[in-house]
Amino acid sequence: MKKLAILLLGVLPLVMSSCLKEENDYFDKSASDRLEEAVAKAISVLEGAEHGWAVKYYPNPTQAFGGFNLFFKFADGQVTVCSEIASATKTVTSLYSMGQEAGATLTFDTKNELINYFVHPRNPDGYGSNYKGLEGDYLWTVLSAEPEKVLLRGVKSGSLYTLTPLQTDDWTSEMQAYKNAAGNMKFPSYVCVVKGDSLECITTSEGKFLYRNLTIRQETDKGIKSYAAPFIYTKTGIELYEPLTINGVTAQQLELKEDYYFANEDDSFIISGPKPAVSENTLDYELTTTFNSVKVKATPSNSDKYYVTVLPAWEAEGYTDKELQTMICAGLTSAKLYSGVKTVTFSYLYDEAEYVVLGFGVDPNYMSASTKIFRQSVTTAKLPDAMTDAYKAWLGTWTVTSASSEKSKTSYSFDIVIRPRTQNGTYFIRGWGYTSLKDDYEFYVSYTSSTKSFKIYKRTGIATLDDGGSLQLLPRYQHHTTGAYGLLNTSGVCLEAKPDGDGKGVVTGAEGKLTSGDGYTITSVDFWNVKNGSNYYLTAMDPYTYQDFFVGPYTMVRKSTDYKPSAAKSQRNTSGILQKEAQRPFVTNDHTTSQSGE
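A few points on the structure. (Residues numbered from 1 in each chain as written. Predicted model: local features only at pLDDT ≥ 70, side-chain atom pairs only at ≥ 80, totals over all residues. Heavy atoms only, no water.)

### A closer look at the overall build of the protein chain
Then, number 1: Looking only at helices and strands, the protein chain has eight helices and 38 strands in total.
Then, number 2: By residue count, 47% of the 598 residues in the protein chain fall in the buried class.
Then, number 3: Of the contacts formed within the protein chain by residues at least 6 apart in sequence, a portion of 60% connects residues at least 24 apart.
Then, number 4: Counting only carbon and sulfur atoms, one obtains 49% of the accessible surface of the protein chain, whose full area is about 28700 Å². (Helix = DSSP H or I, 4+ residues; strand = E, 2+ residues; numbered from the N terminus. Buried < 20%, exposed > 50% of the residue type's maximum accessible area, 1.4 Å probe, protein only. Contact = heavy atoms within 4.5 Å. Areas by Shrake-Rupley, 256 points an atom, 1.4 Å probe, with all protein chains shown as cover.)

### Details of the nonpolar core
Then, number 1: Formed by 49 residues in total, the largest nonpolar core has its most connected members in Ile416, Tyr427, Trp432, Phe454, Ile456 and Met556.
Then, number 2: No other element matches strand β35 (residues 519-531), which puts six residues into this core.
Then, number 3: Once you skip the residues sitting within four places of it in the chain, Ile416 turns out to touch Gly396, Thr397, Trp398, Val400, Ile429, Arg430, Gly431, Trp432 and Met556. (Core = buried A, V, L, I, M, F, W, Y, C linked by side-chain atoms within 4.5 Å.)

### Examining the sheet that holds strand β27 (residues 442-448)
Adjacent strands of a sheet form backbone hydrogen bonds with each other and so pair up, either parallel or antiparallel.
Then, number 1: Strand order in this closed barrel of eight strands is β24-β25-β26-β27-β28-β32-β33-β37, and the pairing throughout is antiparallel. On average, each strand axis in the sheet is tilted by 30 degrees relative to the strand beside it, whichever way the strands run.
Then, number 2: In this structure, strand β24 (residues 396-405) lies alongside strand β25 (residues 413-422), joined through six bridges in antiparallel fashion. Opposite Thr399, over in β25, you have Asp415 as the bridge partner. (Pairing = 2+ DSSP bridges. Axes fitted to C-alpha atoms, helices over the stretch in contact; angles between N-to-C directions.)

### Examining the sheet that holds strand β8 (residues 160-165)
Then, number 1: Ordered by their spatial adjacency, eight strands build a closed barrel running β1-β2-β3-β4-β5-β6-β7-β8, and the pairing between neighbours is antiparallel. Strand-to-strand twist in this sheet, taken as the mean axis angle between neighbours without regard to direction, amounts to 35 degrees.
Then, number 2: Here strand β1 (residues 53-57) pairs with β8 via four bridges, running antiparallel. Across the sheet, residue Lys56 finds its bridge partner in β8, namely Thr162.
Then, number 3: Strands in contact with helix α4 (residues 171-184) are β2 (68-75) and β3 (78-83); relative to β2, the strand with the most contacts, it is inclined by about 160 degrees.

### Points about the packing of aromatic side chains
Then, number 1: A full pass over the atoms with the stated rule returns 43 aromatic pairs.
Then, number 2: On the basis of an interplanar angle of 80 degrees and a centroid distance of 5.7 Å, the ring pair of Trp140 and Tyr161 is categorised as edge-to-face. Here Trp140, found in strand β6 (residues 139-146), pairs with Tyr161, found in strand β8; they are 21 residues apart in sequence, far enough to count as distant.
Then, number 3: Using a relative accessible area of 0% as the deciding quantity, one classes Trp140 as buried.
Then, number 4: Seen in terms of ring centroids, Phe414 and Phe550 are 5.0 Å apart; in terms of plane orientation they differ by 15 degrees. Their pairing is stacked. Highlighted residues: Phe414 in strand β25 and Phe550 in strand β37 (residues 550-560), separated in sequence by 136 residues.
Then, number 5: Taking the relative accessible area as the measure of exposure, Phe550 reaches 3% and is therefore buried.
Then, number 6: Among the aromatic residues, those joined into a cluster by ring pairs are Tyr412, Phe414, Trp432, Tyr434, Trp528, Tyr537, Tyr544, Tyr546, Phe549, Phe550 and Tyr554. (Phe/Tyr/Trp six-rings, centres within 6.5 Å; stacked < 30°, edge-to-face > 60°.)

### What about the packing of α4 against helix α6 (residues 321-329)?
Relative orientation and spacing of two packed helices are given, respectively, by the angle between their axes and the distance between those axes.
Then, number 1: In contact at an axis separation of 8 Å, α4 and α6 are set at 45 degrees when each is read in the N-to-C sense. As the angle between them shows, α4 and α6 are arranged oblique. In this structure, α4 meets α6 at a crossing whose hand is left-handed. Each of Lys179, Asn180, Gly183 and Asn184 in α4 lies in contact with α6, whose residues at this interface are Lys322, Glu323 and Thr326.
Then, number 2: Of the residues belonging to the contact of α4 with α6, the class tally is no nonpolar, four polar and three charged. (Parallel < 35°, antiparallel > 145°, perpendicular 65-115°, else oblique. Left-handed = near helix turned anticlockwise from the far one by under 90°. Nonpolar A, V, L, I, M, F, W, Y, C, P; charged D, E, K, R; others polar.)

### Re the environment of Ala75
Then, number 1: Along the chain, Ala75 turns up in strand β2.
Then, number 2: By relative accessible area, Ala75 is classed as partly exposed at 33%.
Then, number 3: Separated by 25 residues in the primary sequence, Ala75 and Glu50 place their C-alpha atoms 10.0 Å from one another.
Then, number 4: Residues contacting Ala75, with those up to four places away along its chain left out, are Glu47 and Tyr96.

### Observations regarding the pairing of strand β4 (residues 92-100)
Then, number 1: Sheet topology note: the β3/β4 ladder contains four bridges and is antiparallel. Each residue of the ladder has a partner; that of Thr80, found in β4, is Thr93.
Then, number 2: As judged from the five bridges shared by β4 and strand β5 (residues 104-108), these two strands associate in the antiparallel manner. From the neighbouring strand, Tyr96 faces β5, where its bridge partner is Phe108.
Then, number 3: Linking β4 back to β5 in an antiparallel pair, the connection comprises three residues, with Ala102 at a positive phi of about 55 degrees.

### Overview of the pattern of salt bridges
Then, number 1: The final tally for this structure, using the stated rule, is 15 salt bridges.
Then, number 2: Asp321 is paired through a salt bridge with Arg375; the nearest N and O atoms lie 2.5 Å apart. Of the two residues, Asp321 is situated in helix α6 and Arg375 in strand β23 (residues 374-379); the sequence distance between them amounts to 54 residues.
Then, number 3: On the basis of relative accessible area, Asp321 is assigned to the partly exposed category, the value being 32%.
Then, number 4: With a relative accessible area of 42%, Arg375 lands in the partly exposed category.
Then, number 5: Through salt bridges with shared partners, one network takes in Arg419, Arg430 and Glu442. (Salt bridge = Lys/Arg side-chain N within 4 Å of Asp/Glu carboxyl O.)

### Quick notes on unusual backbone geometry
Then, number 1: Omega for the bond connecting Asp542 with Pro543 falls within 30 degrees of zero, at 15 degrees, which places this linkage in the cis form.
Then, number 2: Pro553 follows Gly552 through a cis peptide bond whose omega is 5 degrees.
Then, number 3: Counting through the fold element by element, Pro553 comes out in strand β37.
Then, number 4: Despite not being glycine, Glu258 has its phi angle at roughly 55 degrees, a positive value.
Then, number 5: Looking at where Glu258 falls in the secondary structure, it is placed in the loop between β14 (249-257) and β15 (261-263).
Then, number 6: Notably, Asn532 is not glycine yet its phi reads approximately 55 degrees, a positive angle.
Then, number 7: Take Asn532: it is sitting in the loop between β35 and β36 (534-536).
Then, number 8: On the accessibility criterion, Asn532 (76% relative accessible area) is exposed.

Coordinates in, geometry out; function isn't part of it.
See the structure below:
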């Protein structure tokens, strides 16, 4: 036995040596060499795509928001990005690099606005968590890189990102096709049907942002079984993040069929929107305009329900009729529908501007379109001759500069646009303040002819925000004795702007006494989110600082006399149309008359 043990001990080093030799010889190159080759190959593949890559971008560890279509083009250490969340014409270029961290890694090294939308902890539109945003990625592990397909794993989210080569250099048309498809294929509700078994589909939304993620619920002997189904829009339907199996049927690619449901090839797996009702209703319009209004007399061909609105042509441009109907229907209630001949006045519009009247039948049961859109273009009238020169002197784009600010004591400048609201009486102002909503909403101010000045008051009910809060314009003041700043509840004048020479003005704050008898001066007005009796700060727009409110007095210098939409930085966007239809501001229902022959 001792001899056997000695023999075994003598053989064991040889065996181990043989095993180690085999292990060392398993790869022809060292780990570092292999990693360098992987990085070099990834760069070659990424930069080798002639037209760039179509990217299925899934932010969030659970893909809670669904997927978004982006384009990447890599060249000489730079990456150019296009995204469906922005205009199809917009691209942003930044730097990228490849690294080595347990495999080849891809990093966007410098800020890219279109990627930042998904990555920033405070999403620009307020979606997602207040401190995590949409939880997207700018750092990925390269799982595989071939000319036909690149697979990435988000380091932050863990989501799988699929890149396939684009077949065209015309990014604008290609991205617009994705955007149009997504707009045309949104439905207010869904049901899942698998082999004839109808299953509940739950959608999640945040404000007016409908997540691209369905929760499918199935009743079983053991209770309710839920399936998560995040998806991305293709140009012809939807694609689930990963294959989903229900009742023995596995599906991932679903094509849009009959304009209201998505299905696999044999229709054994269906995700369906409401089946649209069809109406034979048609609409004719009789239009009357002033410099700031369009009066629409709508005459339907039958008694079915319909809806009519007026949109700026620049907001409706670029959307398909189906997209417009989907966006408008999202904000409709039965109370907003019409029947019979109806006269509606849309007020406080831009003068000499192009608008479009849009009307279509609506199924009141599902709030979905039941006819095509009946549209008519219209241009508002020019400013009336009776509008005084002194009133018109304030119209245009101005740069306003504060004397200081509450925290940093910085003199800030910002641009505002002033346009006419009522003849010689009121204006609209857009762009005032430091918040991220400053360019999205207008408030009105009052003109005083005797002093040729305009006065800014506290304004409530400007809009209802996505979280249900009320957007309000509130004044801040400085205490004369303590120097402290705070909000002031007043119905009086807050700020007054007076002419200070040609193309110049000065804005001063009202003074008064608090209930304690102490004096104060109003230093600013800005937007707040007022909800459940409390006032909430809004985020600051770059380059301003959160809670660093401006302090007057202010100087004003006119940049131009232009106040039309381009000057107001009006943008075509879904939320803008939804906001207008949800709020329905400045609309007067003049009268309803019976239809002829009824």
